[in-house]
Amino acid sequence: MEYVIIIISAIFVNNILLAQFLGCCPFLGVSNKLSTAVGMSGAVCFVITLSTLVTYLLQYYVLDPLGIGFLQTIAFILVIAALVQMVEIVLKKVSPALYQALGIFLPLITTNCAVLGVALIVVTKEFTFGGEPHMLNLVESVVYAFATSVGFGLAMVLFAGLREQLALNKVPESFKGIPIALVTASILAMAFMGFSGLV
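Residues numbered from 1 in each chain as written. Predicted model: local features only at pLDDT ≥ 70, side-chain atom pairs only at ≥ 80, totals over all residues. Heavy atoms only, no water.

The protein chain appears in an unreviewed UniProt entry as Ion-translocating oxidoreductase complex subunit A from Candidatus Cryptobacteroides faecigallinarum. The UniProt entry for the protein chain carries the following text under Sequence similarities (unreviewed entry): "Belongs to the NqrDE/RnfAE family." Listed in UniProt under the heading Function (unreviewed entry), the comment for the protein chain reads: "Part of a membrane-bound complex that couples electron transfer with translocation of ions across the membrane." (UniProt positions renumbered as here; feature names shortened; annotations may be inferred.)

Caption draft 1: Inspection of helix α7 (residues 113–124) at higher detail. The end-to-end C-alpha distance of α7 is 16 Å, a good match for the 16 Å that 12 residues give at a rise of 1.5 Å each. Most of α7 is tucked away, with 10 of its 12 residues classed as buried. Within the sequence span of α7, burial applies to A114, V115, L116, G117, V118, A119, L120, I121, V122 and V123. Capping the start of α7 is the job of one residue whose side-chain oxygen sits 3.0 Å from the backbone nitrogen of A114: N112. (Helix = DSSP H or I, 4+ residues; strand = E, 2+ residues; numbered from the N terminus. Expected span 1.5 Å × (residues − 1). Buried < 20%, exposed > 50% of the residue type's maximum accessible area, 1.4 Å probe, protein only. Polar contact = N/O pair within 3.5 Å; in protein donor to acceptor, adjacent residues only side chain to side chain.)

Right under this line is the structure:
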């Protein structure tokens, strides 16, 4: 039951983009087309899940035992950057077609604050299950990271669809571009607030 709560909470209630406002740069910058939003979502899903796994192990098996937890943010940033570079190199060798499909999205993930945010949330935040505070274990952390990235992808795809629809409609001159995108994002965030009592 805890996994279901983690998944529903991460996707709908505490959506990384619409409730926690992490990862807004690609949310606004790469959501002009549905195809680019789907590509970015897939790349972010893979990197968030993998980086959370690695940073969790780094925190609890290297930083904490050595008493250097204060280096957490720097270590996590370096791990995420290295993982993105490694994934890029491996994809280029193993699957050139997928590498071409992801294109610019992989380097953009290095600067995506949602990736670092999820890694930090997993090791610092206490979650509440059945009224008792609880730190996530490794499996719960990976499930949380994957669900959070699915929530990121859901928000990106919905927003891209709305922006494509807006491009076909008549928008007042003063609202064209980023202003109408911000208004749309705020309405989408308010819509997701309806899930707040779910878990």
